[in-house]
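This is what each chain is made of:
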2 protein chains.
Amino acid sequence: MASYNVPALAKLIDKFESLPGIGSKTAQRLAYFVLNMSDSQAADFAKAITDAHEKIKYCSVCCNFSQEDMCPICKNDARDKSVICVVESPRDAMAIESTKEFSGTYHVLHGAISPLNNIGPDDIYIKELLARLGDDTVKEVIMATNATVEGEATAMYISRILKPLGIKTTRLAYGLPVGSDLEYSDEVTLARALEGRNEL
Amino acid sequence: MASYNVPALAKLIDKFESLPGIGSKTAQRLAYFVLNMSDSQAADFAKAITDAHEKIKYCSVCCNFSQEDMCPICKNDARDKSVICVVESPRDAMAIESTKEFSGTYHVLHGAISPLNNIGPDDIYIKELLARLGDDTVKEVIMATNATVEGEATAMYISRILKPLGIKTTRLAYGLPVGSDLEYSDEVTLARALEGRNEL
């Protein structure tokens, strides 16, 4: 839709539209909202973007986002360094962290093996993970990659490397999502839930 | 949700979350997307925000957004200066513009009269509209404020001021939205559609 030849506005709408899940109507709404902000609010917003880019890098240990050389989780002595939970992205680590059930450390691969998209084992942070297994600190590696073909392939690939090293490798359980209706669950999930049944 | 004590990331998520219609999950997704941009893309995005704020002001005639003193529509000699379409916001003007059915000019009020929110006639750009009616150029003022209580009140208020000036004042038609089912339309709309019926 035309934005009346106001190039700066058109550009801002365009930038918002380039974000994932933001359509043209929403992009317009956001751009107008930003225009109606005070100058200092807008400057703050812009600064948050550049700041995030300048200040955030990867943790030298787990490759998660961090503002310092080592992220707060890797630095925290209370976290169990003998367990590494391997995830595809920082958001996955955040999701697990929000369960408050995990006290080990993470390793962020920043992707998954996907031959279709030309992403091989060397394109994600697998060697950084292997480098962490040098001494005998690590007892268990939990593969918490996505339950997709790519995530599954990545988990299998890594577990095959780890097997000869004698490190216990586990995978997140498949099964029914909590709160779900049996009749609406797909047959693959249901089959896995049956297969992985536990004694009460 | 915690963002692992990465303050720059937490701040960026927070900024996105302050936008309308953006919840915490979406804000996270957007922030991570921005983090994965190249440095120049992120700088571009930030610049688009500050640029929009610095460069865009109100058109001196119609109060719509403009990068110059006069907006392209007011400057355009092909537009009919005898008709002014009064809207609440620049987005409304954009919506009407996108119909490609209107060749007159606009006037943007930047709000509507709303006593509940302490917005009176002096808080929106009504006197700028009246200033445009000084000479005899303007023959018709179309009230295209929203079909809400506030929009309706604003339209009534302005039309009462214009009546003594002898300027024709019209209001957008109420009726069924095109493509809608009669059975799902509310009774007020249906009553207005009946009332405003046209001969075939």
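Provided above is the structure to which this section pertains.
So, how was this worked out
- Residues numbered from 1 in each chain as written.
- Chains lettered and ligands numbered in written order.
- Predicted model: local features only at pLDDT ≥ 70, side-chain atom pairs only at ≥ 80, totals over all residues.
- Heavy atoms only, no water.
- Helix = DSSP H or I, 4+ residues; strand = E, 2+ residues; numbered from the N terminus.
- Rg over C-alpha atoms; globule rule 2.2 N^0.38 Å.
- Buried < 20%, exposed > 50% of the residue type's maximum accessible area, 1.4 Å probe, protein only.
- Contact = heavy atoms within 4.5 Å.
- Areas by Shrake-Rupley, 256 points an atom, 1.4 Å probe, with all protein chains shown as cover.
- Pairing = 2+ DSSP bridges.
- Axes fitted to C-alpha atoms, helices over the stretch in contact; angles between N-to-C directions.
- 1 Å grid on protein atoms, 1.4 Å probe; cavity = no way out; pocket = protein on both sides within 12 Å on 5 of 7 lines; lining within 4 Å.
- Points joined across faces, edges and corners; volume = space filled by probe spheres on them.
- Nonpolar A, V, L, I, M, F, W, Y, C, P; charged D, E, K, R; others polar.

Colleague: What should I look at first to understand the overall build of chain A in this one?
Modeller: Along the backbone of chain A there are eight helices and six strands. Secondary structure elements of chain A, listed N to C terminal, follow the sequence α-α-α-β-β-α-β-α-β-α-β-α-β-α. Computed over C-alpha atoms, the radius of gyration of chain A comes to 22 Å, more than 25% over the 16 Å expected from 2.2 N^0.38 for 200 residues, which places it beyond the range of a compact globule. With the C-alpha coordinates of chain A rotated into their principal frame, the extents come out at 65 × 50 × 35 Å. Here chain A, with 200 residues, has 42% of them falling under the buried criterion. Pairs at least 24 apart in sequence give 47% of the contacts found in chain A among residues at least 6 apart. Accessible surface for chain A amounts to roughly 11,300 Å². Of this, 53% is attributable to carbon and sulfur atoms.

Colleague: Can you walk me through the sheet that holds strand E5 (residues 140-143) of chain A in this structure?
Modeller: In a beta sheet, neighbouring strands are held together by backbone hydrogen bonds and run either parallel or antiparallel to one another. Residues and elements named next belong to chain A. The strand order E4-E3-E5-E6 describes an open sheet built from four strands, whose pairing is parallel. Looking along the sheet, the strands with just one partner apiece sit at the ends: strand E4 (104-108) and strand E6 (168-171). In this sheet, adjacent strand axes meet at a mean angle of 25° when their direction is disregarded. Bridge analysis of strand E3 (residues 80-87) against E4 gives five bridges, and the strand direction is parallel. Bridge pairing links Val-86 to His-107 in E4.

Colleague: Would you explain the layout of surface pockets in this entry?
Modeller: If you add up the space inside the largest pocket, you get close to 340 Å³. Along the wall of the largest pocket there are 15 residues; nearest its centre are Ile-96, Ala-144, Thr-145, Leu-172 and Ala-173 of chain A. By residue class, the composition of the lining of the largest pocket is nine nonpolar, three polar and three charged. Of the pockets and cavities examined, the second largest pocket occupies roughly 210 Å³. Around the second largest pocket sit Phe-65, Ser-89, Pro-90, Arg-91 and His-110 of chain A together with Arg-29, Tyr-32, Phe-33 and Asn-36 of chain B, which together line it. Elements supplying a minimum of two residues to the lining of the second largest pocket: helix H5 (90-97) of chain A together with helix H2 (24-35) of chain B. The biggest single contributor to the lining of the second largest pocket is H2 of chain B, with three residues. Of the residues contributing to the lining of the second largest pocket, the split by class is four nonpolar, three polar and two charged.

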